[in-house]
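# Inside the fold
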Amino acid sequence: MQHFSWPIDGTIVGLYLLATMVAGLWVRKYVSRVEDYLVAGREMNVYLGVASLAATEFGVITCMFTAQSGFTSGFSGAWPGLCQAAAMFVIGWTGFCVKPLRDSGVMTLPEMFERRYGKFVRWLAGVVVVLGGLLNMGVFLKIGGDFLCLVCGFDIKYLVLMMTALLVMVAIYTVMGGMLSVLVTDFLQFIVMSAGLLIVTAMILHQVGWEKLVATVEQHHGAGGFNPIADPALGWPFVIAQTLGNAAAALTWQTVLSRMLAAKDSDTGRKVYTRTSFFFVTRWVLPGLWGIAALAIIGWHPLKQLAADELAAIPPALQQKIENSKVGKPLAALSDEETAAIAPATRNKLNDASLRTMPLFLSAFIPVGLMGLLIAAMLAADMSTDSSYMLSWGSVIYNDILAPFRRRPWPHRKAIFWNRCIIALIGVYLFVFGLLYTVEGNVWSYLLLTGSVYLSSMSALLIACCYWRRANNWGALGAIILGAVVPMVYLTLEKLPATAKLAADIGKDWASIAAFVAAALGMVAGSLLKPQPRPAQTEAA
C-alpha cells in the first residue's frame, strides 16, 4: 500500500519546487558574461563548492543504482564509493593534475589539451567527452521518472508525464542562469537531500534493524556480500574496473572538474575535493542499505513485477526457474531458447526487478508526511544532477566543439544565447533517448562503461599533459581513438542478438578495463612513434 497523500505530501513537494524555481531564476540577473554562465565567474568558495558537488553527484539515478548494488551484491556493492572517496581525497590532498588544470585558467578539460596537443585534439576530445557524457546521462530521466511513479504509486503510463515535468523544471532555471543558478539551487537541494537521506536511513535502522540487514546479506550473498573478491559475479575484474574508473572520474569527469574550474583558486578547489570525499562513501552506503532493507522485507520475487497476462505467457517450468534464480539474475538459469521464448518487454521487466524493488519498498515503508520529504529530497537530488550535467556537456559543446568554427570570440550576449540553445537541445535529447534506450543488466556497470568512452582516454591525456614531456598529438589521438572504440564496440555487441551472448560472457568490467589499457597503450605508442624534432629544428623554431 502506497502512502503518498496529495494534500500533505503534495503540498510539501510543491513548496520545495516553488522555492527551487524562485532561487534558480532569481540569480539570472547576475549573468552578464559567458564566464558567469559557465564557471560562475570563478568565485565559488569552499562551502558552496562542497554542497554543490555533493548535490550534483547524488541524483535519483545514483540512489537507484546504489540501492540496486546493495540489493544484488550486499555490502560489497559499496566498493565503488570507497574507491571514489579515496581518489577524491588523494587527488585533492596532492593536487595531482587538478592544480595545474585550475592554474591554467581554462573553462573545460579539452581547452587545456589544445595548449599541448593542438586544436584538432581539443576538438576531438570535446566530441568524445560529449559522446560519453550524453550516453551516460541518457538514462537519468527515465530512471528518475520510474522512481517517482513507483514510490508515489502512480501508474507507469504516467512515466512520460513525469519525465516531461522533471525536464522542464530543470531546464528553465539552468537555461536562464547557467552555473550561477546551478550553484545556488544545489545549495538548497543539498540541505533537503541530506535531510531525506538521513531520516529514511535512521528509520530503516530503527524499524528493520542492523542485525536483520546483516543476516539478509549473509543469507542471500554469503561471503561475497561482504567481500567483492569472494563474489563470483564481481571478483577482481570488478575491483580493478571500479578503481580505474573512479580514479579517472575524479580526474576528468566534467561535472566534478567544473567545481574545480569555478573555484576562486586551486587551493579552494583542492579543499572542495578533500572535504567532499567522504560524501562519496555515504552516497553508496546509505542507499545501499535501502536496497538491502528491500531484500529483507520484500525478498527476491521477480515474477511479481509482471502483469497477469505477461505471467500467463511464461510456461510454469520457466516460472519456477525464474523464481528460484540468484538475486538480480532472473534469466541466468534459462537456456538461450528459453530466454528467446519470453517476450522482450517481459524480459526487460524481469531484468529491472532488482532496480524497482527499492522504490516499491519505500512506497509502503515511509509514512504520510515523511513521504513528501522523501520525494522532495529525491527531486532535489535529481534536479541538481540533471542541471549540472546539462550545463557541463553544453559548456564542452560550446567551448570546444564549436570553437573551431568561430573566427573570433563572440560577444557575451551572443555566447550566452547559444549556450542556452545548446542546453535546451540536450534536454530534448535526454527525453528521446530515455524513451528509446533500455539498460541491459546492472545500471552502474552501464554508467561506468559509457563513462569510460572518455574517462580512459581523457585521464591518459591529462596525466601525460601534466607530467610526461614526451607526450604529443600522435599519442593523444591514439588514446582518444582506442579508448573510445573499445566500449563502443562492446555496447554494439550487447545490442545485436547474434553477439549479445558474447558480450555477456566478456562482461562490462573487462570491457572497461580494456578501454583503459587501450587508451594508455595508444598514448605511449603514439607519442614514441612520432619523430622528435632535431636540435637544429628546435633552435630555429
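See the structure printed just above.
Residues numbered from 1 in each chain as written. Predicted model: local features only at pLDDT ≥ 70, side-chain atom pairs only at ≥ 80, totals over all residues. Heavy atoms only, no water.

## What about the pattern of salt bridges?
Opposite charge on two side chains permits pairing when their charged atoms draw close. If you walk through the whole model with that rule in mind, you get 10 salt bridges. Between R259 and D186 there is a salt bridge whose closest N-O contact spans 2.9 Å. Within this pair, whereas R259 is found in helix α13 (residues 254-262), its partner D186 is found in helix α10 (residues 159-207), the two being separated by 73 residues in sequence. Each member of the pair, R259 as well as D186, is classed as buried. Across the pair E310 and K349 runs a salt bridge, and its minimum N-O distance is 3.1 Å. Linking E310 in helix α16 (residues 308-312) with K349 in helix α19 (residues 344-351), this pair joins segments that are 39 residues apart in sequence. (Salt bridge = Lys/Arg side-chain N within 4 Å of Asp/Glu carboxyl O. Helix = DSSP H or I, 4+ residues; strand = E, 2+ residues; numbered from the N terminus. Buried < 20%, exposed > 50% of the residue type's maximum accessible area, 1.4 Å probe, protein only.)

## Remarks on the environment of L436
Along the chain, L436 turns up in helix α22 (residues 412-436). A relative accessible area of 70% means that L436 is categorised as exposed. Along the backbone, L436 and Y389 are 47 residues apart, and their C-alpha atoms lie at a distance of 20 Å.

## So, the side chain of D400
You can see D400 is positioned in helix α21 (residues 370-401). Of the residues examined, D400 reaches a relative accessible area of 1% and is grouped as buried. Only 2.6 Å separates the side chain of D400 from the side chain of T108, close enough to count as a polar contact. At 2.8 Å, the side chain of D400 forms a polar contact with the side chain of R122. Apart from residues no more than four positions distant in its own chain, D400 is found in contact with T108, P110, E111, R122, W123, G126 and S395. (Polar contact = N/O pair within 3.5 Å; in protein donor to acceptor, adjacent residues only side chain to side chain. Contact = heavy atoms within 4.5 Å.)

## Points about the environment of F147
Tracing the backbone shows F147 in helix α9 (residues 140-152). Excluding its chain neighbours within four sequence positions, the residues that come into contact with F147 are V60, M64, M358, P359, L362 and M378.

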